[in-house]
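Chain by chain, the residues:
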Amino acid sequence: RLEAAGLIKALPNRGLQIATVDMKLIRNAWQVRAMVERQAVLHFARVASPETIARLFADHEAILERALQPRPDDALEKDSQAVDWGLHDTMVDAIGNEILSEIYRVNSLHVRLIRYDADSMRPVQVVPAMREHLEFLRALADHDAEGALAHMMAHIEQSKHRVLGGMLRVGQ
């Protein structure tokens, strides 16, 4: 499955080679992400319950509070990734289209590979991501679908810029 997605390549008598992260991969992955999430946001704005939005909001606030501590705890990176991706996965899955969810999951593997390569989910990156998500969730809570869409599209674009900045920091 990973090979079919282009994430790894089996090399005879040599083992596995992880995909090279380059500008084309970044552009393609973020373009697919934006296309899928645009539809997911519009649908989620119609179907998400106030309880779901409140739970997501509380989860994000808790992560943000931890990230703003002078010394973030050791589990922050793992927990923030779970909350971050949990929001996106929840929205996409709410559409109820298994094919679209699978496309999104495969693309998420590309995005995660890119983010790992760029070392971009460090605690310093958690704060802007959580703040962007909270802006999106506020718009959802206010029943502002267009505002929610604008916030999510801006978040996706900022996420791409954080990854590119991370790649420049590690000298790629």
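Please read these numbers as outputs of a predicted model, since none were measured by experiment.

**Student:** Looking at this model, I keep getting lost on the overall build of the chain. Mind explaining?
**Tutor:** Secondary structure summary: the chain contains six helices and two strands in total. Here the chain, with 172 residues, has 40% of them falling under the buried criterion. Pairs at least 24 apart in sequence give 73% of the contacts found in the chain among residues at least 6 apart.

**Student:** Just to check I follow, could you spell out the side chain of Ser101 for this structure?
**Tutor:** Mapped onto the elements, Ser101 comes out in helix 4 (residues 98-118). Assessed through its relative accessible area of 12%, Ser101 is described here as buried.

**Student:** Even after reading the chapter, I still don't get the packing of helix 2 (residues 50-67) against helix 3 (residues 76-94), so can you show me in this structure?
**Tutor:** Axis angle and axis distance: for two packed helices, these are the angle between their axes and the distance between the axes, and together they describe the pair. Running from amino to carboxyl end, helix 2 crosses helix 3 at an angle of 150°, the nearest separation of the two axes being 10 Å. What the angle tells us is that helix 2 and helix 3 run roughly antiparallel. Pair helix 2 / helix 3 crosses with left-handed handedness. From helix 2, Leu56, Asp59, His60, Ile63, Arg66 and Ala67 reach across to helix 3, where they touch Leu76, Asp79, Ser80, Val83 and Leu87. The class makeup of the residues in the contact of helix 2 with helix 3 is six nonpolar, two polar and three charged.

**Student:** Which parts of the structure should I look at to understand the environment of Ser49?
**Tutor:** One can find Ser49 in the loop between helix 1 (23-47) and helix 2. Given a relative accessible area of 24%, Ser49 falls into the partly exposed group. As a C-alpha pair, Ser49 and Ala141 span 92 residues in sequence and 9.2 Å in three-dimensional space. Engagement of the side chain of Ser49 in a polar contact is seen with the side chain of Thr52, the distance being 2.9 Å.

**Student:** In this structure, what is going on with the side chain of His43? I would like to understand it.
**Tutor:** Along the chain, His43 falls in helix 1. Since its relative accessible area comes to 18%, His43 is described here as buried. Ignoring sequence-local partners within four residues, the contact set of His43 consists of Ala94 and Ile95.

Thresholds applied
Residues numbered from 1 in each chain as written. Predicted model: local features only at pLDDT ≥ 70, side-chain atom pairs only at ≥ 80, totals over all residues. Heavy atoms only, no water. Helix = DSSP H or I, 4+ residues; strand = E, 2+ residues; numbered from the N terminus. Buried < 20%, exposed > 50% of the residue type's maximum accessible area, 1.4 Å probe, protein only. Contact = heavy atoms within 4.5 Å. Axes fitted to C-alpha atoms, helices over the stretch in contact; angles between N-to-C directions. Parallel < 35°, antiparallel > 145°, perpendicular 65-115°, else oblique. Left-handed = near helix turned anticlockwise from the far one by under 90°. Nonpolar A, V, L, I, M, F, W, Y, C, P; charged D, E, K, R; others polar. Polar contact = N/O pair within 3.5 Å; in protein donor to acceptor, adjacent residues only side chain to side chain.

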